[in-house]
Amino acid sequence: MQGICLLGATGSIGQSTLDIIAQHPDKFSLISASANESVAKMAEICHRFKPQRVVMGTEKARDELALLCVDLPTSFEWGSDALDSIASDSAVDQVMAAIMGFAGLKPTLAGIRAGKRTLLANKESLVTAGKLFMDEVTRHNVVLLPIDSEHNAIYQSLPQTSQGAHKKDISKILLTASGAPFRTWSLDEMSSVTPEQACKHPNWSMGQKISIDSATLMNKGLELIEACWLFDVTPNDVEVVVHPESIIHSMVSYRDGSVIAQMGNPDMKIPIAYGMTWPDRIETQVDPLNLVDVTRLNFEAPDLTRFPNLQLAADAWFAGGSAMAALNAANEVAVDAFLKRKISFLDIARFNEKVLSSTNVVAIDVIEDVFEADAQARSLAQKYISDGSVS
Ligand code: NAD
Ligand code: MG
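Owing to the predicted nature of the structure, the values given are computational and were not obtained by experimental measurement.

Rules used throughout
- Residues numbered from 1 in each chain as written.
- Chains lettered and ligands numbered in written order.
- Predicted model: local features only at pLDDT ≥ 70, side-chain atom pairs only at ≥ 80, totals over all residues.
- Heavy atoms only, no water.
- Buried < 20%, exposed > 50% of the residue type's maximum accessible area, 1.4 Å probe, protein only.
- Helix = DSSP H or I, 4+ residues; strand = E, 2+ residues; numbered from the N terminus.
- Pairing = 2+ DSSP bridges.
- Right-handed = clockwise from strand over helix to strand, strands pointing away.
- Domains from an automatic or database assignment.
- Contact = heavy atoms within 4.5 Å.
- Buried area = accessible area lost by both parts, 1.4 Å probe.
- Polar contact = N/O pair within 3.5 Å; in protein donor to acceptor, adjacent residues only side chain to side chain.
- Donors = N, O, S within 2.8 Å, 3.2 Å for Na, K, Ca; no water.
- Axes fitted to C-alpha atoms, helices over the stretch in contact; angles between N-to-C directions.
- Parallel < 35°, antiparallel > 145°, perpendicular 65-115°, else oblique.
- Left-handed = near helix turned anticlockwise from the far one by under 90°.
- Nonpolar A, V, L, I, M, F, W, Y, C, P; charged D, E, K, R; others polar.

Enquirer: An account of the pairing of strand E2 (residues 28-35) is needed here, citing residue identities and associated values.
Expert: Most of E2 sits inside the fold, with seven of its eight residues counted as buried. Sheet analysis places strand E1 (residues 2-7) next to E2, joined by six bridges and oriented parallel. Across the sheet, the residue bridging to glutamine 2 is phenylalanine 28, located in E2. Viewed along the sheet, the connection from E1 through helix H1 (residues 12-23) into E2 turns out right-handed. As paired elements, E2 and strand E3 (residues 53-56) share four bridges and run parallel to each other. In the strand pairing of E3, serine 32 is matched with arginine 53. After leaving E2, the chain enters helix H2 (residues 39-49) and then returns to the sheet as E3, a path that is right-handed.

Structure representation (structure tokens):
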């Protein structure tokens, strides 16, 4: 029986993780869970899964939740230190890191430092802390399983050892991208899209922020950086391939000319279950892949003119140091402003570019440097957006 700490339980990844736990009550038990403010959703989770500890983002949300769950023995807590505490609790074997954005970094690291098997959905934490994050994984001998479908596919396509997948004889990583809703749209058409249009992903059902990131291709940019840290490569070793059907989730190309791909219907329960049971596999109730129904798999190169965020991510990787945390922070602020209809869809990449180019890139030596870089870029992005100064 594996004890699970589910960070971000009320989100899209959280829901799929709960589905797997519910399908296999003999294998998994929800020890603890967190959410920011979704009280009603969390109350349902508490009644169904009866976790020992639950952490909410605010005191108010914690108090409201506790009132809805007076019949349960669960302890209700709130705030950042409580999040770290549930991730490092001795009753926990695995931490599912599924908080949205940079807020996920601190509790994910707390779990790693406590030696927990780490299921990483929260790509922003690895993108921003990079080498420091991977150093902690090594230092604490942690099994780190990527949950992002592409990285999970790459992991599955690499040779496996008892320590995990390892890079051997590879010539390239082929990172697939769906192209999201605006793959074929002109810049002119994209200039007036609404948050509702941008959130409508053709193949995946996901949280708002990652849906917007997919539409701007910043998600692929973050994933490019994520792949570089996870698999110890550079952006020159990674080719982004647009594959609109999202059936191949990524590939590894080997020096002998072989290409190994992982395929399946686009459903996050597959990578989640793989992470929870690696090196074994379990049933997920995902429909089997029927290639005759799919009929065709298409591929094309990404268009960096219409989707400049992908290039910005590669630039940030090569700039190194605090550049990746700065780009991520700018993007979180810009996406939030777009969702609140303060800036246009195309402005997201413009503000990202402006913040990145005006960031004084410094070395990241300790984790506090990441928080500093994040805070500086966030306030710069907020200033540019409130000034309306996009170029
Ligand atoms: P979501 O918006 O659906 O859910 C986010 C969860 O995090 C919620 O439980 C929310 O309460 C919590 N949360 C949000 N802000 C928080 C804060 N400041 N402090 C504490 N908790 C907070 O997001 P999602 O789509 O489930 O994505 C979660 C993470 O997984 C993201 O990093 C995303 O990039 C990654 N991811 C998601 C998918 C997907 O299919 N949804 C695929 C790959 C990777
Ligand atoms: Mg992905």
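Enquirer: I'd like to hear about the domain arrangement of the protein chain, residue by residue, with values.
Expert: Domain boundaries in the protein chain define domain 1 (2-142), domain 2 (154-294) and domain 3 (320-387). Computed over C-alpha atoms, the centres of domain 2 and domain 3 are 25 Å apart. Each side of the interface is counted separately: domain 2 has 20 residues, and domain 3 has 14 residues. Among the residues domain 2 hides against domain 3, the three largest losses belong to Pro195, Lys209 and Met218. Together they make up 32% of the total. Applying the counting rule to domain 2 against domain 3 returns two residue pairs in polar contact (both at pLDDT 80 or more). Of all the secondary-structure elements, those providing two or more residues to the side of domain 2 that touches domain 3 are helix H8 (187-190), helix H9 (195-199), helix H10 (208-216) and helix H11 (218-231).

Enquirer: Can you explain the coordination of the magnesium ion (ligand 2)? Please cite residues and give values.
Expert: Ideal donor angles around a metal are set by the shape: a four-donor tetrahedron calls for 109.5 degrees, a six-donor octahedron for 90 or 180 degrees. Coordination of the magnesium ion (ligand 2) by the protein comes from Asp148 (OD), Glu150 (OE) and Glu223 (OE), over a distance range of 2.1 to 2.2 Å. Here the donor residues of the magnesium ion (ligand 2) share one chain and are spaced in sequence as D-x1-E-x72-E. We note that aspartate 148, like glutamate 150, is buried.

Enquirer: Please set out the packing of helix H16 (residues 345-357) against helix H17 (residues 367-387) residue by residue, giving values where relevant.
Expert: Between H16 and H17, the shortest axis-to-axis distance is 10 Å and the interhelical angle comes to 130°. Judged by the inter-axis angle, H16 sits oblique to H17. For the pair H16 and H17, the sense of crossing is right-handed. Together, Phe351, Lys354 and Val355 of H16 and Ala377, Leu380, Ala381, Tyr384 and Ile385 of H17 make up the contact between the two elements. Here the contact of H16 with H17 is built from residues that sort into seven nonpolar, no polar and one charged.

Enquirer: Run through the side chain of lysine 123, naming residues and quoting values.
Expert: In this structure, lysine 123 sits in helix H6 (residues 123-139). Side-chain polar atoms of lysine 123 contact the side chain of aspartate 148, separated by 2.9 Å.

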